[in-house]
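The primary structure of each chain is shown beneath.
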Amino acid sequence: RFSRCCMAPANEPVQERLIGPMFTVALIGPDGAGKTTISHRLRELLPLPVKYVYMGVNADSSNHMLPTTRLVRALKRFCGAKPDTAGPRDPNQVRMRPKGLLRRAAAEAKSMLGFLARASEEIFRQTLAEYYRWRGHVVLFDRHYFSDYYNYDIASHGRYLPLGRRLHGLFLQHVYPKPDLVVYLDAPAEVLFARKGEGSIAVLERRRQDYLQMRELVRQFVVVDASRPQEEVARDVADRICRFCRANTDGVKEAADVA
């Protein structure tokens, strides 16, 4: 339950009576759904203080990261690596189990190092989100690790996964906090492909269905039609967030002097 809430429609100023912790909202959806653009627009539309935190797999799209992660990214760029802004790979690509004891041991060790690095970064951003939340901000997640890694490290569907990735899946499923509200930006695969031109229509449709399956795993999951103009979508999302806030506020009276 939240001790402070917007008591007016989105994009209208509001006088707030109570101070206290707020909540987290994650915008998820396939590439081309408009997550980042709408996230930034929501900071102007919502009548509450908002903090934006990127919570996805693209390291170079992040607005917050550990100093060690920043150093590793800088070294990779210095060595000629391209910016890491691509979306998740196709989870249905078959990964073969390494042959030979030494190769398997090396692969497992590498996967464990990867798990420790990913978990450290994820814990850092969640800790930052909790700080913002307790300071009275709605924390707006652009993407979320649970949705980004759901079909890679959580729902493996019988595919081979090294130990580090299996542990990562268990960590995200059973330990890592899920957002208070998940907003899924939905659009037909043909629309998504026309916007970004990445992947294929078949892969985008499969990813779309994967996202829809997650509604059974998240307590508050709403679907918003993202095939409309982005301004219309942003206002719809802002209204959903305000409705969620009002519905989950206990003991808040009508705000006074709403301009």
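The sections below set out a description of the structure shown in this document.

Cut-off values and rules
Throughout this description, residue numbers start from 1 for each chain and increase along the sequence as written. Only residues with pLDDT of at least 70 get local features here, since the model is predicted, and only at 80 or more are side-chain atom pairs given and counted; chain-wide, interface and lining totals rely on the full set of residues. Calculated side-chain values reflect all of the structure's heavy atoms, with hydrogen atoms and water omitted. Pairing between two strands requires that DSSP report at least two bridges joining them. Secondary structure counts use DSSP, requiring at least four H or I residues in a row for a helix and at least two E residues in a row for a strand, with both numbered from the N terminus. To define axes, lines are fitted to C-alpha atoms, for helices over the stretch in contact only, and angles between the resulting N-to-C directions are given on a 0 to 180 degree scale. The contact rule is simple, with two residues in contact once any of their heavy atoms fall within 4.5 Å. Pairing of aromatic side chains requires ring centres within 6.5 Å, counting the rings of Phe and Tyr and the six-membered ring of Trp. Pairs whose planes differ by under 30 degrees are stacked, by over 60 edge-to-face, and all others tilted. Placement of a charge over a ring requires the Lys NZ or Arg CZ to be within 6 Å of the ring centre, with the centre-to-atom vector within 35 degrees of the ring normal. Categorising residues by exposure relies on relative accessible area from a 1.4 Å probe, with only protein chains included: less than 20% of the type maximum marks a residue as buried, more than 50% marks it as exposed, and the intermediate range marks it as partly exposed. Geometric relationships in this document are graded by angle, where less than 35 degrees denotes roughly parallel, more than 145 denotes roughly antiparallel, 65 to 115 denotes roughly perpendicular, and other angles denote oblique. For any pair of crossing helices, the crossing counts as left-handed if the nearer helix is rotated counterclockwise from the farther one by less than a right angle, and right-handed if it is rotated clockwise. The criterion is simple. A nonpolar core is a set of buried Ala, Val, Leu, Ile, Met, Phe, Trp, Tyr and Cys residues joined through side-chain atoms within 4.5 Å.

Let's talk about the sheet that holds strand E3 (residues 138-142)
Strand order in the open sheet formed by five strands is E2-E3-E1-E4-E5, and the pairing between neighbours is parallel. In the strand order of this sheet, the two ends are held by strand E2 (50-54) and strand E5 (221-225), each with one partner. The mean inter-strand angle of the sheet, taken between neighbouring strand axes irrespective of direction, is 25°. Strand direction decides the pairing type here: strand E4 (residues 181-186) and E5, joined by five bridges, are parallel. In the sheet register, Asp 186 faces E5, and the bridge partner there is Asp 225. Those strands touched by helix H3 (residues 101-134) are strand E1 (24-28), E2 and E3, and its axis lies near 150° from that of E3.

Digging into the packing of aromatic side chains
Overall, the coordinates contain eight aromatic pairs when judged by the stated rule. Taken together, Phe 115, Tyr 145, Phe 171 and Tyr 176 form an aromatic cluster joined through their ring pairs. The side chain of Lys 178 reaches across the aromatic face of Phe 146, ending 4.8 Å from its centre.

Topic: the pairing of E1
Most of E1 is tucked away, with five of its five residues classed as buried. Neither face of E1 is open: one carries Thr 24, Ala 26 and Ile 28, the other Val 25 and Leu 27, and all of them are buried. Note: E1 against E3, four bridges, orientation parallel. For Val 25, the partnering residue across the bridge sits in E3 and is Leu 140. Note: E1 against E4, four bridges, orientation parallel. Its bridge partner being in E4, Ala 26 is matched across the sheet by Val 182.

Some points on the packing of helix H1 (residues 35-45) against helix H9 (residues 230-247)
Following both chains from N to C, one finds H1 and H9 inclined at 60°, their axes separated by 9 Å at the closest point. One way to sum up the angle between H1 and H9 is to call them oblique. As for the relative orientation of H1 and H9, their crossing is right-handed in sense. Along the contact surface, H1 presents Thr 37, Ile 38, Arg 41, Leu 42 and Leu 45, while H9 presents Gln 230, Glu 231, Val 233, Ala 234, Arg 235, Val 237, Ala 238 and Ile 241.

Concerning the nonpolar core
The biggest cluster of nonpolar side chains holds 30 residues, and the ones touching the most others in it are Val 25, Leu 27, Leu 42, Leu 185 and Val 237. Looking at this core, the elements with two or more residues in it are E1, H1, E3, E4, helix H7 (189-196) and H9. If one sorts the elements of this core by residue count, H9 sits on top with eight residues. What Leu 185 contacts, discounting residues up to four positions off in sequence, is Leu 27, Ile 28, Gly 29, Pro 30, Ala 33, Gly 34, Lys 35, Ile 38, Val 224, Ala 226, Val 233 and Val 237. Formed by 28 residues, the second largest nonpolar core is a distinct cluster that contains Ala 26, Val 53, Met 55 and Tyr 132.

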